[in-house]
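Observations on the model geometry
In case you want the letters, here they are:
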Amino acid sequence: MYSVIIAIHVFVSILLILAVLLQSGKESDLGSAFGGGSSDTFGPATPANIMNKITTILVIVFFFTSITLTILSKNRTGESILNKIPVSSPIQNNQSSPKVPMQSK
């Protein structure tokens, strides 16, 4: 179940990135950056197109999968791939201190 939701989440994330990148910018010229040139600031200029609806649906699915993954991850144990690696015993040195080299003559 958890793996299926992660796969859906990743797929929706990629689709969401593509949907945002495919949308055309709203007044993305230099004049609008400084607050000028818009007569329809307080209302929509055009009705929402299909890309806006697709993006909205993808955002809703993204949020639901995020919340679901958060809830399901509370019940998961701390499994890790590193815990499955067999541990070998450390190499033991019989020497308690390092040898000091003799002074050169």
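Everything below is about the structure shown above.
A few points on the structure. (Residues numbered from 1 in each chain as written. Predicted model: local features only at pLDDT ≥ 70, side-chain atom pairs only at ≥ 80, totals over all residues. Heavy atoms only, no water.)

**Observations concerning the overall build of the chain**
Along the backbone of the chain there are 3 helices and 0 strands. Counting all 105 residues of the chain, 10% fall into the buried class. Taking as baseline every contact in the chain between residues at least 6 positions apart, the subset at least 24 positions apart corresponds to 91%. With an accessible surface of roughly 9700 Å², the chain has 65% of that area assigned to carbon and sulfur atoms. (Helix = DSSP H or I, 4+ residues; strand = E, 2+ residues; numbered from the N terminus. Buried < 20%, exposed > 50% of the residue type's maximum accessible area, 1.4 Å probe, protein only. Contact = heavy atoms within 4.5 Å. Areas by Shrake-Rupley, 256 points an atom, 1.4 Å probe, with all protein chains shown as cover.)

**Some words on the side chain of Thr 65**
Summarising the element assignment, Thr 65 is placed in helix H3 (residues 50-74). Residue Thr 65 is classed as buried on the basis of its relative accessible area, which comes to 9%. With sequence-adjacent residues up to four places away left out, Thr 65 is seen in contact with Ile 5, Ile 8 and His 9.

**Brief notes about H3**
Across its 25 residues, H3 extends 37 Å between first and last C-alpha, which sits within 8% of the 36 Å expected from 1.5 Å per residue. Along H3, the residues classified as buried are Thr 55, Leu 58, Thr 65 and Leu 69. Close packing links the buried residues of H3 with helix H1 (2-22). (Expected span 1.5 Å × (residues − 1).)

**What about the packing of aromatic side chains?**
Tallying each qualifying case throughout the model produces 1 aromatic pair. Summarising the aromatic geometry, the rings of Phe 62 and Phe 63 are spaced 6.2 Å apart at their centres and angled 55° between planes, so their arrangement reads as tilted. (Phe/Tyr/Trp six-rings, centres within 6.5 Å; stacked < 30°, edge-to-face > 60°.)

**Some words on the side chain of Thr 55**
Mapped onto the secondary structure, Thr 55 falls in helix H3. Setting aside residues no more than four positions away along its own chain, Thr 55 makes contact with Leu 16, Ala 19, Val 20 and Gln 23.

**Let's talk about H1**
For H1, spanning 21 residues, the distance from its first C-alpha to its last is 30 Å, which sits close to the expected 30 Å at 1.5 Å a residue. The set of residues buried in H1 consists of Ile 5, His 9, Val 12, Ser 13, Leu 16 and Ala 19. For H1, the arc enclosing every buried residue in end-on projection is 135°, short of the 170-degree limit, so these residues lie on one face. More than 90 degrees from the buried face of H1, the exposed residues found are Ser 3, Val 4, Phe 11, Ile 17, Leu 21 and Leu 22. Packing partners of the buried residues in H1 comprise H3. (Arc of directions from axis to C-beta.)

The analysis is restricted to geometry; functional conclusions fall outside its scope.
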